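# Structural characterization, general
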Amino acid sequence: MHRRHFMSLAAAASLPLVTSTAAAQDFPKAGKPIRIVVGFAAGGPTDTQARALALEMGKILAVPTIVENKPGVSGGIGAVEVARAHPDGHTLMYISDGVVTQNPHTLRSVPYDALRDFTPIAQLTAGGVVLVMHPSVPANTPQEFIAYGKAHPGKLAYASFGAGTISHIYGEVLRQNTGIDIVHVPYKGSADALKDLLAGRVQIMFDSPSTAMQYAKDGRLKILGSAGEKRRALMPDTPTLLEQGLPGFEIRGWNGLFAPAGMSPQVLQKLHAAVAQASRTATFQSLLATLAFDPVDETPAQFASVVQRDFDRWGSYIRRTGIKLD
């Protein structure tokens, strides 16, 4: 979908800047704040990262840099606002990957074009979920869990943060790839899902590593493995699900910064330089460690390739699982 257009955007982002620098010299405009729109409520990991980034970017660019929360439609309300904004670098969007890689496939109606309406600036973090299990299940590896599930069809349930979320998608991938008969129990957020998982009312969930590690330390949960093609930097002793013979869980979540489509290469380069500098500060790096995210430092062209790749891969998974939301 729109691959040629999107990859041409990635190529343009990597061209040497031999043209006039007037656009870059005019950015940022004195006294005009930079808005970073977050399509989720305040307090979550995406919002927390965005606020730390805004603080450092404001210092570097010497203009007020603020975060505005526009929650709703799985990040879609904020995405539409940014897609319609002028691409002068003063309106940006900090999102988790699902807004541009999953929503276009899970939602029947998406009011923005994920690959045409935005300019990728920088991927700042790589996250990804881990598969966690209540200790009442007599298993310690994914294969042991699968064997137990097949021996007890319909007796196990997996929790999700809500229909169409990564925890739901990966839960369905697990069900389909292993053939176990397991029931999906959707919740209105990760906190509610975790509460029932800890109580043993559901048995497994794909959850964030920071939460999982907290409860695994005292034995209240077991971590069976992590999503991704390689082990997480902050969890080097936790093998991936792929390592343990479970393909289909190679995609890691991420957070990144976008601008509206049509941004000049000069402004893009200046923004990316500021973001890269901000992301290397001790404050931002310390926050990522606390949230159990790995830092990422890539060019806009590399980031655009990641978006296209994950858009295609999630599309393949979601079509296979049949998840579709109104």
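Everything quoted here is computed from the prediction, not taken from an experiment. (Residues numbered from 1 in each chain as written. Predicted model: local features only at pLDDT ≥ 70, side-chain atom pairs only at ≥ 80, totals over all residues. Heavy atoms only, no water.)

The pLDDT averaged across the protein works out to 91; a share of 93% of its residues lies at or above 70. Predicted confidence in the protein is weakest over helix 1 (residues 3-13), with a mean pLDDT of 43, and strongest over strand 1 (residues 34-38), with 98. Across residues 3-20, where pLDDT falls below 50, the model places 25 contacts with residues more than four positions away in sequence or in other chains. (pLDDT = per-residue confidence, 0-100. Helix = DSSP H or I, 4+ residues; strand = E, 2+ residues; numbered from the N terminus. Contact = heavy atoms within 4.5 Å.)

Attention shifts here to the packing of helix 8 (residues 166-178) against helix 13 (residues 300-321). Running from amino to carboxyl end, helix 8 crosses helix 13 at an angle of 65°, the nearest separation of the two axes being 10 Å. Note on packing geometry: the crossing formed by helix 8 with helix 13 is left-handed. Note on element contacts: helix 13 touches helix 8 through Trp314, Tyr317, Ile318, Arg320 and Thr321, opposite Ile166, Ile169, Tyr170, Glu172, Val173, Gln176 and Asn177. Residue composition of the contact of helix 8 with helix 13, by class: 7 nonpolar, 3 polar and 2 charged. (Axes fitted to C-alpha atoms, helices over the stretch in contact; angles between N-to-C directions. Left-handed = near helix turned anticlockwise from the far one by under 90°. Nonpolar A, V, L, I, M, F, W, Y, C, P; charged D, E, K, R; others polar.)

It is worth spelling out the sheet that holds strand 11 (residues 294-295) at this point. Strand order in this open sheet of 6 strands is 2-1-3-10-4-11, and the pairing throughout is mixed. The sheet terminates laterally at strand 2 (65-69) and strand 11, the two strands that pair on one side only. Note: strand 1 against strand 3 (residues 91-96), 3 bridges, orientation parallel. Each bridged residue has a counterpart across the sheet, and for valine 37 the counterpart in strand 3 is methionine 93. Sitting on the sheet, helix 3 (residues 45-61) touches strand 1, strand 2, strand 3, strand 4 (118-126) and strand 10 (254-260), and the angle it makes with strand 2 is about 160°. (Pairing = 2+ DSSP bridges.)

This next bit is on the side chain of histidine 272. Position of histidine 272 relative to the elements: it lies in helix 11 (residues 265-279). Separated by 2.7 Å, the side chain of histidine 272 and the backbone oxygen of glutamate 298 make a polar contact. The contacts of histidine 272, once residues within four sequence positions are left out, are Ile121, Ala122, Glu298, Thr299 and Pro300. (Polar contact = N/O pair within 3.5 Å; in protein donor to acceptor, adjacent residues only side chain to side chain.)

Next up on the list: the packing of aromatic side chains. Counted according to the given criterion, the structure contains 11 aromatic pairs. Aromatic pair phenylalanine 258 and phenylalanine 303: ring centres 5.1 Å apart, planes at 55°, arrangement tilted. Of this pair, phenylalanine 258 sits in strand 10 while phenylalanine 303 is found in helix 13, placing the two residues 45 residues apart along the sequence. Aromatic rings pair up to connect Tyr112, Phe118, Trp254, Phe258 and Phe303 into one cluster. (Phe/Tyr/Trp six-rings, centres within 6.5 Å; stacked < 30°, edge-to-face > 60°.)

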